[in-house]
Amino acid sequence: MQVLLPHSLDEALAIKADHPEALPLNGGTDLMVELNFGRLRPAAIVDLNRVAELTAWREQDGHVFLGSGVTYTSIVREMQAYKPLVQASRSVGSPQIRNRGTVGGNLGTASPAGDALPVLAAYDAEVILQSRARGERSLPWNLFLTGPKKTAIAPDELIIGTSWRRLRGPGSFSKIGTRNAMVIAVAGLCLVIDEERRRVNVALGSVGPTILRATQAEERVAAALTTSGTWDDRSAPLNPQWVDEFAELVAQAAQPLDDVRGTAAYRRHGCRVLAKRAISWALSEWRLPTWL
Amino acid sequence: MVVRTRVNGEWREADVWPGTSLLVFLREALGLYGSKNACEQGECGSCSVWLDGTLTCSCLVLAAQAHEREVRTVESLTRGDQLHPIQEAFLEAGAVQCGFCTPGFVVAVADLLEKDANPSPATVREALSGNLCRCTGYQKIVDAVHLAAARQRAGA
Ligand SMILES: Cc1cc2nc3c(=O)[nH]c(=O)nc-3n(C[C@H](O)[C@H](O)[C@H](O)COP(=O)(O)OP(=O)(O)OC[C@H]3O[C@@H](n4cnc5c(N)ncnc54)[C@H](O)[C@@H]3O)c2cc1C
Ligand code: FES
Ligand code: FES
């Protein structure tokens, strides 16, 4: 085994071009487990810790760019304006795991239980990939995540980061698990309201082969908010019946399986509960005076 | 490959298999047995160290990632035979039974108290959520943290 330690993005991309078999290593919180247990014996590893270009995030022209090497701890500390992302980041593992784990690694692993992924899906984020031979390309999250632990990345590419249009409106991420820390989600949900486009985006984690969007639920609740006049007057209440219908449609969008962490029925029920809470939180957050 | 790391203020190097974790590097190559090897999957925190000042599970760091970087281990806390006040507090509060988890907890507590001199009970529990103890039931560990914090604030 060979370990390569590039000091810049150019150097890292050159390594990937010459050694496409080299596995990228970021925080190591997924990859090192595989290595320690002998489940992976890559011919080469390319460590991205020293590639400064990947560890920054920025806002530009109404868009946000999040580098693949930004840790959950940095997100919690620096990105308060992106509440659902902060909530998801805070729920990852433990302080030690959050200090090292990155969103790039979450994307690279592409587990259906990756907690950052429903947030990126609800933001309609794109994943930015780069290779020395073909330069940069951008894929919508749903074309990047092709299945459980499968992505559309080419062997000579690196994940540079993700980018999304900055949304105005409330939102949240929440997950169900057996305790409040160190827990793989049994179900996870991110809901964001996009005031500008008058849309409600809902993404589900841990309840299907990959991250799912509850499209039908999104459309029905956006229409209901039009009927109730809430888009124009935030104090106009949404009929509770619509809240229940929304939660039911979200539950129907799940494609859960039975496994050691929970039954399919429990996961579906979890989605219903998370959906109801998330829409209620968003609407009450919306009703708060803006000066709060 | 030769890994060269500044460990507890001193440059150390060793020739190791490139897939070696920082934990195994510290224990097997450098003979620093304070960091414990229990799960090798980030779950228990008994291998906690600081990498460039950041609290980390050393089992999840490739030794090569620490090349030319700074590592601090639990051994850095004692001065000769003199225990660190956090270690004293663990002893007094009865927070040590088999002791296997203790070094990891002590490092995590030291990290917490460097950032927050007066942590709330909830903050303490959250800060220690990455460390497992199979013996104490945690309450005495939490008591030890508050004792150590109070003494630190009193300048003892
Ligand atoms: C104890 C513990 C608890 C955990 N709890 C949670 C949790 O609550 N929620 C959760 O979502 N996850 C959790 N995880 C999983 C893990 O922490 C996350 O998936 C994290 O985001 C991985 O990031 P990393 O930087 O450590 O990835 P790494 O392990 O470095 O890499 C992961 C994968 O991505 C690839 N990769 C990394 N960076 C790039 C890049 N720039 N380009 C291309 N490929 C890349 C790697 O080759 C590898 O296949 C936990 C892990 C542990 C050990
Ligand atoms: S040995 Fe590293 S966390 Fe358990
Ligand atoms: S004292 Fe035995 S594991 Fe904590």
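As the structure is a prediction and not an experimental result, all values here were calculated from the model. (Residues numbered from 1 in each chain as written. Chains lettered and ligands numbered in written order. Predicted model: local features only at pLDDT ≥ 70, side-chain atom pairs only at ≥ 80, totals over all residues. Heavy atoms only, no water.)

Some details on the pairing of strand β3 (residues 44–47) of chain A
The side chains of a regular strand alternate between the sheet's two faces. All names here are of chain A. Taking every second residue as pointing to the same face, both faces of β3 are buried, with Ala44 and Val46 on one and Ile45 and Asp47 on the other. As defined by bridge partners, strand β1 (residues 2–4) adjoins β3 across three bridges and the pair is classed as parallel. Across the sheet, the residue bridging to Leu4 is Val46, located in β3. Pairing of strand β2 (residues 23–25) with β3 involves three bridges; the strand directions are parallel. (Buried < 20%, exposed > 50% of the residue type's maximum accessible area, 1.4 Å probe, protein only. Helix = DSSP H or I, 4+ residues; strand = E, 2+ residues; numbered from the N terminus. Pairing = 2+ DSSP bridges.)

Description of the site of ligand 1
Taken together, 35 residues lie near ligand 1, and Pro24(A), Thr29(A), Asp30(A), Tyr72(A) and Thr102(A) sit nearest. At the site occupied by ligand 1, the surrounding residues belong to chains A and B. Take Tyr72(A): an N or O atom from its side chain is 2.6 Å from an oxygen atom of ligand 1. Gly93(A) is positioned such that a nitrogen or oxygen atom in its backbone is 3.0 Å from an oxygen atom of ligand 1. Burial of ligand 1 by the surrounding chains reaches 92%, relative to a free accessible area of 990 Å². For the shell around ligand 1, the element with the most residues is helix α6 (residues 103–109) of chain A, which contributes four residues. Class assignment of the residues belonging to the shell around ligand 1 gives a composition of 15 nonpolar, 16 polar and four charged. (Near = heavy atom within 4 Å. Polar contact = N/O pair within 3.5 Å; in protein donor to acceptor, adjacent residues only side chain to side chain. Areas by Shrake-Rupley, 256 points an atom, 1.4 Å probe, with all protein chains shown as cover. Nonpolar A, V, L, I, M, F, W, Y, C, P; charged D, E, K, R; others polar.)

A closer look at the environment of Val86(A)
All names here are of chain A. Inspection of the secondary structure puts Val86 in helix α4 (residues 83–90). Between the C-alpha atom of Val86 and that of Arg198, which follows or precedes it by 112 residues, the distance is 23 Å. Sequence-distant contacts of Val86, defined by excluding residues within four places in its chain, comprise Ile75, Val76, Met79 and Gln80. (Contact = heavy atoms within 4.5 Å.)

Focus on the domain arrangement of chain A
Residues and elements named next belong to chain A. When cut into domains, chain A gives domain 1 (2–165) and domain 2 (183–287). Between the C-alpha centres of domain 1 and domain 2 there is a distance of 27 Å. Listed per partner, the contact involves 18 residues of domain 1 and 18 residues of domain 2. Interface area for domain 1 against domain 2, summed over the two sides, is near 1,500 Å², with a carbon-plus-sulfur share of 56%. The tally of links between domain 1 and domain 2 comes to four salt bridges. The partner of Asp194 in a salt bridge is Arg165, with the nearest N and O atoms 2.6 Å apart. At the junction of domain 1 and domain 2, the tally comes to six residue pairs in polar contact (both at pLDDT 80 or more). For the side of domain 1 that touches domain 2, the secondary structure elements donating two or more residues are α4, α7 (116–122) and β8 (145–147). No other element matches the five residues that α7 contributes to the side of domain 1 that touches domain 2. Among the residues making up the side of domain 1 that touches domain 2, the classes are represented as 12 nonpolar, two polar and four charged. (Domains from an automatic or database assignment. Buried area = accessible area lost by both parts, 1.4 Å probe. Salt bridge = Lys/Arg side-chain N within 4 Å of Asp/Glu carboxyl O.)

So, the layout of surface pockets
The volume enclosed by the second largest pocket comes to roughly 860 Å³. Counting residues per element, the ones that place at least two in the lining of the second largest pocket are α3 (72–78) and α5 (95–100) of chain A together with β4 (54–57), α3 (102–115) and α4 (121–127) of chain B. Residues that form the lining of the second largest pocket fall into these classes: eight nonpolar, 14 polar and nine charged. (1 Å grid on protein atoms, 1.4 Å probe; cavity = no way out; pocket = protein on both sides within 12 Å on 5 of 7 lines; lining within 4 Å. Points joined across faces, edges and corners; volume = space filled by probe spheres on them.)

Observations regarding the sheet that holds strand β14 (residues 212–213) of chain A
All names here are of chain A. Strand order in this open sheet of four strands is β11-β12-β13-β14, and the pairing throughout is antiparallel. Each end of this open sheet is capped by a strand with a single partner; those strands are β11 (171–176) and β14. Note: strand β13 (residues 199–205) against β14, two bridges, orientation antiparallel. Each residue of the ladder has a partner; that of Leu204, found in β14, is Leu212. The sheet strands contacting α4 are β11 and β12 (187–194), and the helix crosses β11 at an angle near 20°. Strands in contact with helix α10 (residues 240–253) are β12, β13 and β14; relative to β13, the strand with the most contacts, it is inclined by about 40°. (Axes fitted to C-alpha atoms, helices over the stretch in contact; angles between N-to-C directions.)

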